[in-house]
Amino acid sequence: MHILGIDPGLLITGFGVVDMDGPHLRYVASGTIKTAHLDKKDLPGRLKVLFDGVREVVQRYQPEASSVEIVFVNVNPQATLLLGQARGACITALVSTDLAVAEYTALQMKKAVAGYGKAGKAEVQQMVMRLLKLPSLPGKDAADALGLAITHAHVGAAMARLAQASEASGKMSSHYRAGRSR
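Below, the structure is looked at part by part. Keep in mind that this is a model prediction, so the values were computed, not measured.

**Focus: the environment of Lys 110**
Alright, step 1. Along the chain, Lys 110 turns up in helix α3 (residues 106–114).
Alright, step 2. On the basis of relative accessibility, which here comes to 22%, the residue Lys 110 falls in the partly exposed class.
Alright, step 3. For the pair Lys 110 and Gly 147, spaced 37 residues apart in sequence, the C-alpha to C-alpha distance is 7.5 Å.
Alright, step 4. Not counting residues within four places of it along the chain, the set of residues in contact with Lys 110 comprises Gly 115, Tyr 116, Gly 117, Ala 119 and Val 124.
Alright, step 5. Among the polar contacts made by the side chain of Lys 110, one reaches the main-chain carbonyl oxygen of Ala 119 at a distance of 3.2 Å.

Right under this line is the structure:
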């Protein structure tokens, strides 16, 4: 199963595709979608580049699942708003191709890949290189995207097994209750 990871950014969006065969992961592709060639004031044009770029990656690599990083509010509200719009363009591109989208925080991805939620970019790059047996370090944005795909490969499989176990036992998950509770 091919899994696509997306690390959204308005200037540079990273993507990474891994193939999961049972417990084994294999590198398929990674790279970036860049909007720096456009005027910074052309937000709609930059969002279109991201949307089209993500759709092109989906068309080329035919993933069966996708994962996107959840962004948090940072010190600069304007930068956070712009990043949120870039993330929205990426998610919209994914769902427009009928892909399910899983979302993980940077902390969750770093913990899953490097074993430490506050790992730095260099540590994530090193671990992604090791886990996927790459000959050299991937770029920072591509490494984060590959890390999201790796995270989904591990977490997504575990969540699917839990869902199957809940269905098999005829019980609903304790995290879900139909309707409102009183």
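**Quick notes on the sheet that holds strand β4 (residues 65–70)**
Alright, step 1. With mixed pairing, the 5 strands of this open sheet are ordered in space as β3-β2-β1-β4-β5. The strands lining the two open edges of the sheet, one partner per strand, are β3 (24–34) and β5 (101–105). Adjacent strand axes in the sheet meet at a mean angle of 20° when their direction is disregarded.
Alright, step 2. Both strand β1 (residues 2–7) and strand β2 (residues 12–21) contribute to a ladder of 6 bridges, which runs antiparallel. Looking at the pairing, His 2 lines up with Asp 19 of β2.
Alright, step 3. Of the strands in this sheet, β1, β2, β4 and β5 are in contact with helix α2 (residues 77–95), which crosses β4 at around 165°.
Alright, step 4. Set on the sheet, α3 makes contact with β4 and β5; between it and β5 the angle comes to about 85°.

**Some thoughts on the pattern of salt bridges**
Alright, step 1. What the rule picks out here adds up to 4 salt bridges.
Alright, step 2. As a salt-bridge pair, Asp 52 and Lys 48 come within 2.5 Å of each other at their nearest N and O atoms. A residue pair is termed a helical-turn pair when its members lie 3 or 4 positions apart in one helix, as Asp 52 and Lys 48 do in helix α1 (residues 43–61) at 4 residues.
Alright, step 3. Residue classification places Asp 52 among the partly exposed residues on the basis of a relative accessible area of 34%.
Alright, step 4. The residue Arg 87 makes a salt bridge to Glu 103 at a minimum N-O spacing of 2.1 Å. Here the residue Arg 87 occupies a position in helix α2, and Glu 103 occupies one in strand β5, the gap between them amounting to 16 residues.

**Points about the pairing of β3**
Alright, step 1. Examined bridge by bridge, β2 and β3 share 10 bridges and lie antiparallel to one another. Residue Val 18 lies in a different strand from β3, and its bridge partner there is Tyr 27.
Alright, step 2. The turn linking β2 back onto β3 is made up of 2 residues, and Gly 22 within it adopts a positive phi angle of 65°.

Thresholds, definitions, all that
Residues numbered from 1 in each chain as written. Predicted model: local features only at pLDDT ≥ 70, side-chain atom pairs only at ≥ 80, totals over all residues. Heavy atoms only, no water. Helix = DSSP H or I, 4+ residues; strand = E, 2+ residues; numbered from the N terminus. Buried < 20%, exposed > 50% of the residue type's maximum accessible area, 1.4 Å probe, protein only. Contact = heavy atoms within 4.5 Å. Polar contact = N/O pair within 3.5 Å; in protein donor to acceptor, adjacent residues only side chain to side chain. Pairing = 2+ DSSP bridges. Axes fitted to C-alpha atoms, helices over the stretch in contact; angles between N-to-C directions. Salt bridge = Lys/Arg side-chain N within 4 Å of Asp/Glu carboxyl O.

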